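Read off the chains here:
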Amino acid sequence: MVLSVQLSEVLKSWFTYKEGEPILFTALYFWGFFALVMAVYSFVYRKNSLRTVFLLLVSFFFYYKTSGLFLILLLFTIVSDYYWGGRIHKTAEQWKKKVYVTISLFLNLFFLCFFKYAWFFTDSYNEFMQTDTKAVNLFAQFANTYAGTHFDIGMLIVPAGVSFFTFQSISYIVDMYRGKIEPVKTVYDYGFFVCFFPHLVAGPIVKAKEFIHQIYQPYSLTRHEFGMAVFWILNGFGKKILGDYVAVNFIDRVFANTQLYSGVECVLSVFAYSFQVYADFSGYTDIAIGIALLLGFRLKTNFNSPYKAASTSEFWQRWHISLSSWLKEYLYIPLGGNREGTLGSYLVIGLMGVVICLLSGSLWLPVLITLLLTAIIFWVLAIYFPGFRKSINTNINLMITMLLGGFWHGSSWMFITWGGLNGLGLVIHKFWESINPFSNWSAKWIYRGVMIFITLTFISFTRIWFRVGSMKGGSWENVKMFFDRMAYHMGGDLFWKIVSGYKNVMLVIVIGYLIHWIPETFKQNYRIRFANLPLPAMGAVIVVVVFCLYQMMGLMQPFIYFQF
């Protein structure tokens, strides 16, 4: 009897949602789950329709285990956009197409904004208007009433991956409206495109035109591709474990109690965090790419050695490529790109101004006056200096894109500041390129090396705002404390003592950066060598690597981008 009860509890924990315990690629549970998926998949993979339905059900279960009843939101997104996409395709009148695409975009952005920004806007409104309006989670209230749950209606949990699957669904609707793709054949096909589990909760963001055609192709996987899939899974696994090791043993401590650490430790933690966020996020996408490949689907590369970038522009061509390309195609270019400012550009500026005023709370009047004076100055300069007008028109959309990209990550000054600083870095680089005195310098490798260091330093220090924005209760005071320690309590004489005290952490970081900077041809060579190993040798390598990595594994942490 006792055994049956214990077995029942184990099965319940396996198949029911538990808040705060998402399925992690690095957890043993996931690999048991994936082994079972592959076992069943071996019987259905030859029939496309059966394969699609099976993987769709698997993806639903994966998302349920990660976000519980938010599966309903995912189902609504699928059914809604499948319907509106069909209406857009079947309608000949252009004005109707615009109506349908507008409805779809409104619904997608409404739910995205509700779950990510509702509490933020409520708090900002209360501070702005000096009111005490109480926010109510209507979805939690509905679940408590009809599903017997006990959610706190005064809290709002962000569904895992809501930004990712919303952007994917928007790409389908917009590409359908532009006539770039044909509609999917069934709602199951569309659901599979939106929620294919390897990239569902943290990317890479998959565009409709890059993925949907694969649904209708027969399964194929060469022996070399199998080896590459295993390599990417092992590579991503290693990145995640090492990133967590550095975070737990150094970064988290410094950011949690900055006032207790010297400026040297703060500087080192900034570069360490750049290592961690890359290892964490690119590690997830490496595993996602490998798993998808084993299932017969090809996902695009999401990172291309971003810390080899010699400018901010090059960095954003290498970092989170799926988001950067999405923002470029569906936001930057529609706003006018690098050609001109459009009405949409200025509407977005106005909207961002309102958001900034709300964020500033009691400082709304100075902010409004500053925005107004800035607009007047720009208007006067644009009238008398045509070159200035062109420069403003070509850079304004860049700043808007980066500001909105920052706001996409979270509803706080921290993320908006981070986005704005990166936008400023892009604008400054464009200006630098026009006056660069080293463009024809013979020792280009020296110049590139210096620029790589400057770019890494700039990107790393902007991430102080990003890291603080990711902290519960993170504020300007946390950022101020960081710079205060670096300005007034550097402790340079403690450098070697600090390095020796954190010798294992520092060794991991240094080796990680050195591997990152290895020439791509060399990396490609050892990937191919691994992929072509005989299966027994490949298995032996996997066992040794996993064994070594597990020696460094501590408390498992969710992937950083789960929260976005």
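Quick caveat, the model's predicted, so the values are computed rather than measured.

Novice: Could you clarify how one ought to interpret the overall build of the protein in this entry?
Specialist: Secondary structure summary: the protein contains 23 helices and 0 strands in total. Entry remark: accessible area of the protein is about 27,900 Å², with carbon and sulfur atoms responsible for 70%.

Novice: Help me understand helix α11 (residues 263–294) in this model?
Specialist: Helical geometry note: an α-helix holds 3.6 residues per turn, so side chains three or four residues apart project in the same direction. Over its 32 residues, α11 extends 46 Å from the first C-alpha to the last, a length consistent with the 46 Å expected when each residue adds 1.5 Å. Taken across its 32 residues, α11 has 31 buried, putting it largely inside the fold.

Novice: Is there a simple way to explain the side chain of S324 in this structure?
Specialist: In this structure, S324 sits in helix α13 (residues 321–332). Once you skip the residues sitting within four places of it in the chain, S324 turns out to touch W316 and W319.

Novice: How should the packing of aromatic side chains be read in this particular structure?
Specialist: Any aromatic ring pair is given by two values, namely how distant the centres are and how the planes are angled relative to each other. Applying the stated criterion to the full structure yields 64 aromatic pairs. When the ring of Y172 is compared with that of Y190, the centres are 4.5 Å apart and the planes differ by 55°; the resulting orientation is tilted. With Y172 in helix α7 (residues 162–178) and Y190 in helix α8 (residues 187–195), the pair connects residues that are 18 residues apart, well separated along the chain. Among the residues examined, Y172 registers a relative accessible area of 0% and is labelled buried. Given the relative accessible area of 0%, Y190 is considered buried. With a centroid separation of 5.3 Å and 65° between ring planes, the pair formed by F196 and F297 is classed as edge-to-face. One end of the pair, F196, is in the loop between α8 and α9 (208–215); the other, F297, is in the loop between α11 and α12 (312–318), and 101 residues separate them in sequence.

Novice: For this particular structure, what's the right way to read the side chain of R527?
Specialist: On the secondary structure map, R527 appears in helix α22 (residues 520–531). Ignoring sequence-local partners within four residues, the contact set of R527 consists of M228, F231, W232 and E520.

Novice: Could you clarify how one ought to interpret the packing of α7 against α13 in this entry?
Specialist: At a minimum axis distance of 12 Å, the contact between α7 and α13 shows a crossing angle of 35°. Here α7 and α13 pass one another in a crossing that is left-handed. Residue-level contacts link F167, I170, S171, V174, D175 and R178 of α7 to L323, W326, L327, E329 and Y330 of α13. Considering only residue class, the contact of α7 with α13 consists of 7 nonpolar, 1 polar and 3 charged.

Novice: Would you take a moment to explain unusual backbone geometry for this structure?
Specialist: Most peptide bonds take the trans form, and the phi angle of most residues other than glycine is negative. A positive phi angle is found at S305, which is not glycine, with a value near 45°. Inspection of the secondary structure puts S305 in the loop between α11 and α12. Unlike most non-glycine residues, H320 shows phi in positive territory, near 40°. Among the structural elements, H320 can be located in the loop between α12 and α13.

Novice: Can you walk me through the packing of helix α10 (residues 223–256) against helix α21 (residues 503–516) in this structure?
Specialist: Two quantities define a packed helix pair, namely the angle between the helix axes and the distance between the axes. It is the contact of α10 with α21, at a shortest axis distance of 10 Å, that shows an interaxial angle of 145°. Considering the relative orientation of α10 and α21, their crossing is left-handed. Contact residues: L242, Y245, V246, N249 and F250 in α10; N504, V505, M506, V508 and I509 in α21. For the contact of α10 with α21, the per-class residue count stands at 8 nonpolar, 2 polar and no charged.

Novice: Looking at this model, I keep getting lost on the nonpolar core. Mind explaining?
Specialist: In this structure, L74, Y172, F193 and F197 are the most contacted members of the largest nonpolar core, which totals 138 residues. Among the elements that line this core, the one with the most residues is α11, at 20 residues. In this structure, L74 is in contact with F60, Y63, F165, V194, C195 and L200, ignoring residues within four places of it in sequence.

Novice: Sorry if this is basic, but what is going on with a nonpolar patch on the surface here?
Specialist: There is a patch of nonpolar side chains on the surface, built from F438, W441, W445, I446, V450, F453 and I454 and spanning about 740 Å² of accessible area. Along the chain, the position of I446 falls in helix α18 (residues 444–470).

Reading guide: rules and limits
Residues numbered from 1 in each chain as written. Predicted model: local features only at pLDDT ≥ 70, side-chain atom pairs only at ≥ 80, totals over all residues. Heavy atoms only, no water. Helix = DSSP H or I, 4+ residues; strand = E, 2+ residues; numbered from the N terminus. Areas by Shrake-Rupley, 256 points an atom, 1.4 Å probe, with all protein chains shown as cover. Expected span 1.5 Å × (residues − 1). Buried < 20%, exposed > 50% of the residue type's maximum accessible area, 1.4 Å probe, protein only. Contact = heavy atoms within 4.5 Å. Phe/Tyr/Trp six-rings, centres within 6.5 Å; stacked < 30°, edge-to-face > 60°. Axes fitted to C-alpha atoms, helices over the stretch in contact; angles between N-to-C directions. Left-handed = near helix turned anticlockwise from the far one by under 90°. Nonpolar A, V, L, I, M, F, W, Y, C, P; charged D, E, K, R; others polar. Core = buried A, V, L, I, M, F, W, Y, C linked by side-chain atoms within 4.5 Å. Patch = residues over 30% accessible without salt bridge, like charges linked within 9 Å, V, L, I, M, F, W, Y side chains within 5 Å. Salt bridge = Lys/Arg side-chain N within 4 Å of Asp/Glu carboxyl O.

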